[in-house]
Structure formats: C-alpha cells, structure tokens
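Examining the three-dimensional arrangement
Below are the chains, spelled out letter by letter.
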Amino acid sequence: MGSLIKKTLIAAAAFSLPCLALSETLTYTENTNSSTEAALGYPVPLPKDSLVAIDGFRTYSSLKMHHDAMALQHAEMTPVVVGQTRNNRDITAFVFGDADNLDSEGKVEPAFLINGTIHAREWQSPEVVTELMERLIEEKSDQGMVQYLLENTNIVILPVLNIDGFLQTQRYPNQVTNSPGTTASSSRLDKFAQPRDGRMRRKNMPNVDEDISTNSDRLLGIDLNRNSKHFFGVQQGNNDPNSLIYGGPSIFSEPETQALLEAAKLGPENKLRFYQDTHSFSRVLFVPQPNNSRRNAITNSIAGKFQATTTALGANYFPVIDQVGSGIPTTADYFAYEHQVPSWTLEIEPPQGFQGEPDGGAFYGGTGLSHSGFIAPDSAIARIRDQLAPAQMLMFYHQAGPAHVKSVRIADSSDNTVYAADWQTNSNGRSLNITVDNVLQGGQQYKLWISFSKPMRIRNANGNIVQYTGQSVSLTPAIALSGQSASGTFNRSITTANSNWQNQSGGELSGYDTYKDDAILLNFTVPSNINVSSSTGNTNFNLNINVQDLAGLSLDANPSTVVDWTNGAWSNYENASNQLGDVGGTDASYSLKVSNATLTLNATNSASGGGGGVFSVLILILMLFLCVQKLVINNVCIKRKI
Amino acid sequence: MKKVLQVSCCTLMIAYAVMGSNGVNARPLLLNDIDPSRIFSESQISLEIVNIENSKLSLQKPTQLNDFQYEYLLHHKIKHINAADLSSSEHAELKALSSYQSKTYRVHEEGPLPIKIFDIASLAKSKLFQYEVGQQEKYLYEQLTNNVNAFLNQDFNNPLTFLAAQKVISNVSDQQAKAIGDSMITKSVLDKNQAVLLGQLGSIIVQPAYFKKALTSLTDGAEGHKILENMNLMLEATDSIVIFEELIQDKSYLASQALLYYSKLPSYMHNSNMLFNLLSDEKLGSSAAFVISQNLSANNLAQTLNIISNNQSSRVQVANALMTLKSAQSITANNAIKDLLQNNKIPYVDMAKEVSQWAL
Ligand SMILES: [Zn+2]
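Since this is a predicted model, take the numbers as computed values, not measurements.

1. So, the overall build of chain A
- The helix and strand tally for chain A stands at 11 helices and 27 strands.
- Long-range pairs, those at least 24 residues apart, make up 71% of the contacts in chain A with a sequence separation of at least 6.
- In the form shown here, chain A has an accessible surface area of approximately 22,700 Å², with 52% of it arising from carbon and sulfur atoms.

Rendered as structure tokens:
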C-alpha cells in the first residue's frame, strides 16, 4: 500500500534526473542534507493549480486563467497585451477603472503602475500582486475607497513580467543548479553559494533552453531589473552576461522591459503618480531619491505610511532610503528619475537583518540555507498577501490626491435651506456657485452638511469610524466660525464628533454624497455673543473647514484651482494662507451672513458712533502682525519638511 | 552599489514616527552599519571558496583562518551534524552557536542591505529544534507501541508534538496506521491537526474514508492542499470523484483545486448539472468552466452557447461560458466564438470587446 507513494516518489526522482548529467543539480528537501540535497527545514512548496487564492503558491497557468476570467467577468478590469516575452508568450497588463479615463469632474485620471514577477524565483510577488487585483474586484461596489479608486483613478497592474523565467522556476520547483566553478567531482565542500537555474532563476530566458541539466546556458539571461535607462551599466556585473545582474546588451533591449514601458503608457505615463516593483525578499522598501526634494519628501512620507499599515498588521516593512542621486538600473529608479513619481522596490518578507527576527527561511523555523528566503513556505503566503494589500491600497488612495470641499449646505430648524454653495468645474478650474445665501440668526441652531471629493473615513465591522489600519490622522473634522467683530477677531469652534460622518445614503443635509463617509452632517448654534457696533445690518461669519483624509492629507484649501501632480509634487495645492505646497489646510471660502440684531451690541463702539477710530486701527495692526507671523511660520515649516 | 545616507534623517524620521504610534523600533541592519572589510562581492566569495577547497584549512587550527574561512568551515560542520543523535558536547556547541554573530556579509542585489553569507545561528537553532522533535518522536513512538489511545491523547496543537507525530506516522506499519486512523475516524469532530494526521494516514494505507474525513474536516491551511494532491495521485477515480464532488458542493477552501483535478477524470464521470450550475458562482465559476472545456461534447457546447444567448443569464454565467469556449482550444469552440462575435450574440459590450481580442 505504502508502495504507491514510493512508486510516485521514484517516478518523480527519475523524471528529475538529468538525462545528460552536465549541470549539477541540487534538490531542496524538508530535512535531509546530502551531496545532492539541501534542507530548508520546512516543507518545500510546490505550485498548485487553483483559480482562487489558496494557502500556497499557484501555478502560472492558474494565475493567468484566474486573471483572464476576472477580467472577462468584470467590466472594471481590462486586459491589455503589452508585449511578448523572449519566448513569445503574451505579457498582459490589467487596467482597473471605469470605462473612461476621466474622473468625476471630467479631468484625466491620475494613474498608478504596479509591476510583478520581474525576477522569476520571487514567488511571493505574483501572489501579492494578484491579491491586490482580487481586492480591487471583490470590493468594487463598496461605495467607499475601492469604488472611488475605480471611478477616479487608473490602476495598471502587470502581475507577471518575466513569464519565461517564472515558468522555469515552476518547472523545477525543488531543484536548482550549482554555482559556477564547481562540479560534483571537484568539491566535497558545500556549494550553491550562488544558485542560478531551476528554482533559483532570476533572469529572463534568451537562448536558454528549459532543461535544467544544460550546463552551458544556466547562467545566461538578462536581469530585467538592470535593463533600464538610468544608471545603466554602473554596477560591477552589469556588463557580464554570466552575472546575476547582467543588464543586457543595451538599454531596454529586452522585450519584457519594453512591455513594462508599454504598460506605463496605459497610465498614461504623464499621469503616473506611483510605481511599485514587487520583489522578495527582505521585508523592506528600497526607495530611490532623485534630486527632487519635494518628490522625495512625499515619497518618504508615504513609505512611512506604508510601513505603519503593514506594521499594524504584524510585518514591519522598513523603508530604506537611498542617498540622493545614487542609483542602479532598476525599474524603480527608472520611474523615480524619468517620471519623478514616488516609486520603490518592495521586497516582500521574509525579513533580513532585523534584530530578534531570524533571516530568510529561518524566519519560518528553517535552516537558514542561503537564498531560502526566496522559498517562503506555503503556510506563510496567505498572511503575507493580507498584510500587504491594505498598504498598497492606501498608496493609491493617497496618490489619488487631496480632497476638496464639494458642497456646503446649511438649513434652519424647519429644514429650510439658508445657505447652499457648490464648487462647479469650469474651463479654468472651479468656481463657488452660491445658490442660497440667506441671513442666519445668532443663538439659533442650524444643520450643517459638508461633502468632500473622496471617501474620508473607514469603519470597523461594528460600523464605528476607525483609523485606517496603522494610520493616525485627526478623525474628527475641525469646523469653526471666524470673523471680525466690533471688539476684534473672533474664532468659535463648532463641536464635532466622529458620528458626524455619514455612511447612510441621502445626499445633501441627510446622508453621504457619492461615497460612504464623504460627508459630515451636524447641528450647530450660531454664537450670539459676538460684539457688533450696530443692531442693523449683518456680520460676515467665515466657515472654516479643516479635515484630513484617511491617509492624513489635509484639504486643498483653495478648491478654485484644481490640484494636480507636476514634476514630482502637488500643484495647485494651497494651505490656509493660500500658499502652494504639499501640505494643504483649512478651507475658509464660505462667508455666512448673520443678522446683527441677533448678536451683542457693543456699547463702547456704538457710543463712538460708526466704529473705526484708534481701536480699530490697533486691531488692524495686530491682525497684520499675526498674519505675517503665520506666513513666516508656514514658510519655515514647509522648508523644513522639504 | 547604492549607499544609504549617513544617519539618514528621513530614514530616522520614518522609523521613529512608526515607533511612536506602534511601539516598533526595529530596523534592519544597513550597509552603513557594517565595516566594509566584512562585505564580500560574489567574485570574492567564489575565490574564497575555491581557496578553501584547495587548501588544508581546518577548524582545528582556528588561528590560521580568516573570518570567511572560519564561518565557511563552521557552517559546513554544523550542517553535517546529525540532529537525530546529538552528543552532549554537540548539544552544548549548538546552543552556544545559536547566538553566533556573523562576521561576513554580501550585499542585497537591489539595495543597501547586508546579508549574512553564513547564517550559523539559524542553522544551529534549526539543528537543536530537529533534535527536540526527534526526542519527542521517540517518546510518541513509545506511546504508540504501548497503546494507540495514549498516542491519540497527545496534544497535537503543540507544534513540537504535531511535527513529531507527523514523523511518527510517516514511519508506522500499515497495521499501526489502521489502528490510529480507525480510531480517529470515529470522532465526530476532528480538530485541524488531527485531520492533517488522518490525511497523512490516508496516504500511507490508501484509505478513501480517511481522505474524505480529513479533507472535509479542514477549513484552512496548506496541509489540506497537499493531502488533496496526494489523494489525487493515489485513489482510483471511482473513489476520488466522490470526495472531489463533496468538496466542490460544500464550496470548501479546496474546491477550486478539486475542480481542476476533477477535470482530469474521464468526462463520462462528470456531473454536468453540478458544473453548469457552478458557472454562476463568482469564485468557482471559472474552475467549473475549465472542467467543462476539457471535454466539450455537442451537448455541453449547446448548453454553453445557450447560456451566452439567454438574456436571463447573469454576467458571471456569460463570462464563464465564454471562458469555457476559450479554454476548450478546439476548432469547434473557436468557430463558435467567431459566430458569437459576428452575430453580436455576446450580450455585454465590454465582454464582446475582450473576446474580439482573443487569438483564436
Ligand atoms: Zn528581485
């Protein structure tokens, strides 16, 4: 009975024996070491056929069929063949979004590009990237973050770039060729310091056959992550065809890297705001730093947010920040230097070099065999996928751009609208269209409804507003009324709470606008203890709105100019003082009229007749002083952040 | 090779920001933390190895060894220690080496991270763990030979016990396997690790009932995929098909994998009703489509085309019916696709557009 297994094993062994024993191969095992075996210390993962995510690694054919079937089934996911591999296999990128490339205001959408499996042996990569694709589809009707992304951005995902190489690693899932310079007979010592073909193939497959035992081609291939324009050929080994990091005969010589450029054009390139190349292993982000301080500050900030989200989920993905201007010919460097977009090389776990956490395969209780980090156990991959998807989604949400106020409504206790203003798109940007502008009464209670251009909050399973995993933003909106009274400036906060966020439909003055939690609704009382110098006429109250989105980006303080991404930083993104930058701030564009008759008549001022005089001049001077001081402080802040 | 900023303010800022909110202060060792003399290029590593191989260097004469040579020889020595049978001095040495700090590094290919060339500490820990598993295995084997129930009453949720039990089971006689399995199968509920052990027993004495109980008890975990793979290799089609169909109809986490094995069974054994019903399933529909495609009889083709043209069909059904035609890769199916396109019979514009781009 047991013989059945044994027969199978013998058959497998016979199949794997090289018929012309030219190149020495080593077999990965769970526990046995010998001259032809190397123990990992855990079961060797073998790819499985499955068209759904499993506790393990899927075969390329399964992944491909799964991607194609998802794309056919869902209008939000479109396959585009962007090229062919060296061995003529179609390379497909998938575009996620609605049918047009326009956002809700008719502007061309911002774009993001995620590349997967550029290195064949990094099996964590296609799984992590496929998880992201699955979530974009599974959550496409969430009326929240994902739906917003699909309707307002253009997400391009290329799950498997180095198909020929990936197939080679799956053809020999537990076998690897020896390092150069040694053969079975030449050494009794341990080898495989630099395993190169079979399961450990990294490069593509030009003039490389699919037989692991062929000795002459096992070192060949081009490192697709060294074939890019910037820093081409700078590293030792980039010009050696046998090197692990051979860059190829010329810049973008490989059909695979050309396909990646085609995928970028689907953005299109000039709309890209984020690039990630997805590798394993080490559990870090390698973050390029071109000579662009604003771009670098934004990139490093979002790398920190990425780390915070994964850390909250139990995996500290640490950003390793490059020295400014120093790089190698990776695709992450290419997108950083060529297009000035935030970009990085994500190295999926296992970790490496973290104190208290074993390196590579030893992280999973393994032997710590050299290169074992490329072979994560089946039991780890579902957790890995789950820890990374939310962080990547947050990057899209952040790079979609800061929110701006869309609409403001105020209604009295009889539900009559007393103020209505909407930002309307025009050829120059936006203008505030005020359709109702009635006089409010001091001491009276009103309803205030403000909607924003993106979903601003998420909720837990109980329906409570919570931080996005690992983030710490101000969850409660800060709303204030300010203005000029007879006795000086005033600034009165309106009491707000998390419960003001709306996740029920209903639209203006009753629920969310377009996406869940894109609007707040609250009651407030117009203060009556504001000094006025006359009981006739009105006083202007400015409505100040200061809200962070769930990634911590503050509002565009001036919605009349439309935020975009230019030369690696935000454009038309103003702070409260109307200064451009990457910070944003309080939007105070809304002026409400309040009847002086319902405010407090100031005796001194009314006696002096008509106001003004020395007192007012003093206030004016004080205000000017404060204003200048604020500008200076802001300048300093911005400079320091850059 | 990239360099990291010396005391990079950005790096520190990010690290501390995270530390503040999450209490995490871990950062990896960076290239800057390592003396450059301890970093070896790939060619230096090759050269060092060749030199060691051509020399008579030995751990017995440590003063003659540089760090690379010492770590190479030490790693080699530990690797060949038989963990099943540790002497007390080997045990002590491994324990001491479990906190060994590596002195030689190479550089990560993609960025400025140093990587230990020889992970001596991890290897030593792994040997000690294997030793413990081996000791536990001996203990469990004694329990088993005394009394099957004594073995079954062990806490298999303890990872060490579970690993040892798997090893014990891989070496039991058919008679012992049957005794354990028959006892396990009578339990109304098996917890996860018991189910894994039962699945393992199923592979040893090829018992469909063991596979069935094990696989239908499991709700997650990599082991289930492995057991299903073994079952597919070992059971007769008449036995395996029953279990595949149960997993599929239960929508087990193994269902897609089961469907793809099912596709390899003779098509006359397939339950067409089950498969066509599954085409409307968001998760399993594409797997069912693949099964149908592997033997697209005239009947199945007609039914597939009917789904596409029937305006009661859902998007999911239509998409999966189209996937069936695509995966069939036959002249008949390709002609059917061409006909659908030419006569505008695909009810969704976006689908028709995608289908028109298929290379037929
Ligand atoms: Zn890589």
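2. Description of the overall build of chain B
- Along its length, chain B carries 19 helices and two strands.
- Against the globule reference of 21 Å for 360 residues, chain B gives a C-alpha radius of gyration of 29 Å, more extended than a compact globule.
- When its C-alpha atoms are laid out on the principal axes, chain B stretches across 80 × 65 × 50 Å.
- Sorting the 360 residues of chain B into buried and exposed places 51% on the buried side.
- Look at the contacts in chain B between residues 6 or more apart in sequence, and 60% of them connect residues 24 or more apart.

3. A word on the pairing of strand β9 (residues 284–287) of chain A
All names here are of chain A.
- Burial of β9 is two-sided: the residues Val-284 and Phe-286 facing one way and the residues Leu-285 and Val-287 facing the other way are all buried.
- Bridge count between β9 and strand β11 (residues 343–351): three bridges; the pairing is antiparallel. In the strand pairing of β11, Leu-285 is matched with Leu-346.
- Crossover handedness for the path β9 to helix α7 (residues 293–312) to strand β10 (residues 318–321): right-handed.

4. Digging into the confidence of the model for chain B
- Summarising the model, chain B shows a mean pLDDT of 91, and 93% of its residues fall at 70 or more.
- Low pLDDT, under 50, characterises residues 1–24 of chain B; the stretch is placed with 54 contacts to residues that sit more than four places away or in other chains.

5. Here we look at the coordination of the zinc ion
- Bound to the zinc ion on the protein side are His-119 of chain A (ND1), Glu-122 of chain A (OE), Glu-122 of chain A (OE) and His-279 of chain A (ND1), at distances that span 2.0 to 2.4 Å.
- Counting along the primary sequence, the residues that act as donors to the zinc ion give the motif H-x2-E-x156-H.

6. Observations regarding the sheet that holds strand β21 (residues 519–525) of chain A
Residues and elements named next belong to chain A.
- The strand order β14-β13-β12-β16-β21 describes an open sheet built from five strands, whose pairing is antiparallel. Of all strands in the sheet, those bounded by a partner on one side alone are β14 (429–437) and β21. Ignoring strand direction, the axes of neighbouring strands in this sheet form an average angle of 15°.
- Judged from the eight bridges that link them, strand β13 (residues 417–426) and β14 form a sheet pairing that is antiparallel. Counterpart to Ala-421 in the pairing with β14 is Ile-434.

7. Things to note about helix α4 (residues 145–152) of chain A
Residues and elements named next belong to chain A.
- Burial analysis of α4 places seven of its eight residues in the buried class, the great majority of the element.
- Buried within α4 we find Met-145, Val-146, Gln-147, Tyr-148, Leu-149, Leu-150 and Asn-152.
- As for α4, its buried residues are in contact with β4 (90–96), α3 (124–138), β6 (154–158) and α9 (378–399).

8. What to know about the domain arrangement of chain B
Residues and elements named next belong to chain B.
- Examined at the domain level, chain B breaks down into domain 1 (2–127), domain 2 (172–265) and domain 3 (272–360).
- Spacing between the C-alpha centres of domain 2 and domain 3 amounts to 32 Å.
- Here domain 2 packs against domain 3, burying approximately 860 Å² in sum over the two surfaces, 79% of which is carbon and sulfur.
- It is Lys-251, Leu-259 and Ser-263 in domain 2 that bury the most area against domain 3; as a group they hold 48% of the surface buried on that side.
- Here domain 2 and domain 3 share one salt bridge between them.

9. Looking at the pattern of salt bridges
All names here are of chain A.
- Applying the stated criterion to the full structure yields 49 salt bridges over all chains.
- Across the salt bridge formed by Arg-135 and Asp-386, the nearest N and O atoms sit 2.9 Å from each other. Of this pair, Arg-135 sits in helix α3 while Asp-386 sits in helix α9; the two residues are 251 residues apart in sequence, bridging distant segments of the chain.
- Of the residues examined, Arg-135 reaches a relative accessible area of 16% and is grouped as buried.

10. A look at the sheet that holds strand β7 (residues 175–177) of chain A
Residue and element names in this part refer to chain A.
- Read from one edge of the open sheet, three strands run β2-β1-β7, paired in mixed fashion. One side of each edge strand has no neighbouring strand; the edge strands of this open sheet are β2 (37–39) and β7. For this sheet, the mean inter-axis angle between neighbouring strands, taken without regard to orientation, is 35°.
- Bridging between strand β1 (residues 25–29) and β2 involves three bridges; their strand directions are parallel. Among the inter-strand pairings, Thr-27 is bridged to a residue of β2, identified as Glu-37.

11. Let's talk about the packing of helix α3 (residues 67–79) of chain B against helix α5 (residues 120–146) of chain B
Residues and elements named next belong to chain B.
- Across the interface, α3 lies against α5 with an axial gap of 10 Å and an inter-helix angle of 15°. When the axis of α3 is compared with that of α5, the two are roughly parallel. Between α3 and α5 lies a crossing whose hand is left-handed. Taking contact as the criterion, the partners of Glu-71, Leu-74, His-75, Ile-78 and Lys-79 in α3 are, on α5, Ile-120, Leu-123, Ala-124 and Lys-127.

12. What about the interface of chain B and chain A?
- Taken together, the 81 residues of chain B in the interface contact 84 residues of chain A.
- Roughly 6,800 Å² is buried in total at the junction of chain B and chain A, and carbon and sulfur atoms are behind 58% of that figure.
- Ionic pairing is found between Lys-116 of chain B and Asp-359 of chain A, a salt bridge with its closest N-O pair at 3.2 Å.
- Here chain B is connected to chain A by 18 residue pairs in polar contact (both at pLDDT 80 or more).
- In terms of residue count, the dominant contributor to the side of chain B that touches chain A is helix α17 (residues 315–328) of chain B (eight residues).
- The residue makeup of the side of chain B that touches chain A, split by class, is 37 nonpolar, 21 polar and 23 charged.

13. Some words on the environment of Ser-216 of chain A
- Positionally, Ser-216 of chain A belongs in the loop between β7 and α6 (255–265).
- Between the alpha carbons of Ser-216 of chain A and Trp-570 of chain A there is a distance of 51 Å; along the sequence they are 354 residues apart.

14. Some points on the packing of aromatic side chains
- Using the criterion set out here, one finds 29 aromatic pairs over all chains in the structure.
- Taking the centre distance of 5.1 Å and the plane angle of 75° together, the rings of Phe-274 of chain A and Trp-344 of chain A count as edge-to-face. Here the residue Phe-274 of chain A occupies a position in strand β8 (residues 272–282), and Trp-344 of chain A occupies one in strand β11, the gap between them amounting to 70 residues.
- Feature note: the residues Phe-112, Phe-274, Phe-306, Tyr-317, Trp-344 and Phe-396 of chain A constitute an aromatic cluster, connected by ring pairs.
- In this arrangement the basic side chain of Arg-315 of chain B is found over the ring face of Tyr-348 of chain B, its NZ or CZ atom lying 5.0 Å from the centre.

15. Overview of the pairing of strand β23 (residues 538–546) of chain A
Residue and element names in this part refer to chain A.
- Here six bridges tie strand β19 (residues 478–485) to β23, and the two strands are oriented antiparallel to one another. Bridge pairing in β23 links Ser-482 to Asn-542.
- Two strands pair when backbone bridges link them, and β23 and strand β26 (residues 587–595) are joined in this way by seven bridges, in the antiparallel orientation. Looking across to β26, one finds that Asn-540 is bridged to Lys-593.

16. What to know about the side chain of Ser-293 of chain B
- Topologically, Ser-293 of chain B is positioned in helix α15 (residues 285–293).
- One polar contact links the side chain of Ser-293 of chain B to the main-chain carbonyl oxygen of Phe-290 of chain B, over a distance of 2.6 Å.

17. Focus on the environment of Lys-213 of chain B
- Tracing the backbone shows Lys-213 of chain B in helix α10 (residues 208–217).
- Apart from residues no more than four positions distant in its own chain, Lys-213 of chain B is found in contact with Ile-185, Lys-187, Ser-188, Leu-190 and Leu-198 of chain B.

18. Here's the deal with unusual backbone geometry
All names here are of chain A.
- With an omega dihedral of 0°, the bond running from Gly-267 to Pro-268 counts as a cis peptide bond.
- Relative to the helices and strands, Pro-268 resides in the loop between α6 and β8.
- The step from Ser-280 to Phe-281 runs through a cis peptide bond, and the omega angle for that step is 5°.
- Mapped onto the fold, Phe-281 is located in strand β8.
- The backbone of Asp-415 shows a phi angle near 65°, a positive value even though the residue is not glycine.
- Tracing the backbone through its elements, the reader meets Asp-415 in the loop between β12 (405–411) and β13.

19. Description of the nonpolar core
- Of all hydrophobic cores here, the largest spans 136 residues; its most connected members are Phe-96, Trp-344, Phe-452 and Ile-545 of chain A.
- Considering every element that reaches this core, the biggest residue donor is α9 of chain A, with 10 residues.
- If you count residues domain by domain, this core takes at least three from each of domain 1 (11–276 + 324–399) and domain 2 (405–595) of chain A.
- Counting residues in each nonpolar core, the second largest holds 83 residues, with Val-133, Tyr-262, Met-274 and Leu-284 of chain B among its members.

Calculation rules
Residues numbered from 1 in each chain as written. Chains lettered and ligands numbered in written order. Predicted model: local features only at pLDDT ≥ 70, side-chain atom pairs only at ≥ 80, totals over all residues. Heavy atoms only, no water. Helix = DSSP H or I, 4+ residues; strand = E, 2+ residues; numbered from the N terminus. Contact = heavy atoms within 4.5 Å. Areas by Shrake-Rupley, 256 points an atom, 1.4 Å probe, with all protein chains shown as cover. Rg over C-alpha atoms; globule rule 2.2 N^0.38 Å. Buried < 20%, exposed > 50% of the residue type's maximum accessible area, 1.4 Å probe, protein only. Pairing = 2+ DSSP bridges. Right-handed = clockwise from strand over helix to strand, strands pointing away. pLDDT = per-residue confidence, 0-100. Donors = N, O, S within 2.8 Å, 3.2 Å for Na, K, Ca; no water. Axes fitted to C-alpha atoms, helices over the stretch in contact; angles between N-to-C directions. Domains from an automatic or database assignment. Buried area = accessible area lost by both parts, 1.4 Å probe. Salt bridge = Lys/Arg side-chain N within 4 Å of Asp/Glu carboxyl O. Parallel < 35°, antiparallel > 145°, perpendicular 65-115°, else oblique. Left-handed = near helix turned anticlockwise from the far one by under 90°. Polar contact = N/O pair within 3.5 Å; in protein donor to acceptor, adjacent residues only side chain to side chain. Nonpolar A, V, L, I, M, F, W, Y, C, P; charged D, E, K, R; others polar. Phe/Tyr/Trp six-rings, centres within 6.5 Å; stacked < 30°, edge-to-face > 60°. Lys NZ or Arg CZ within 6 Å of the ring centre and 35° of its normal. Core = buried A, V, L, I, M, F, W, Y, C linked by side-chain atoms within 4.5 Å.

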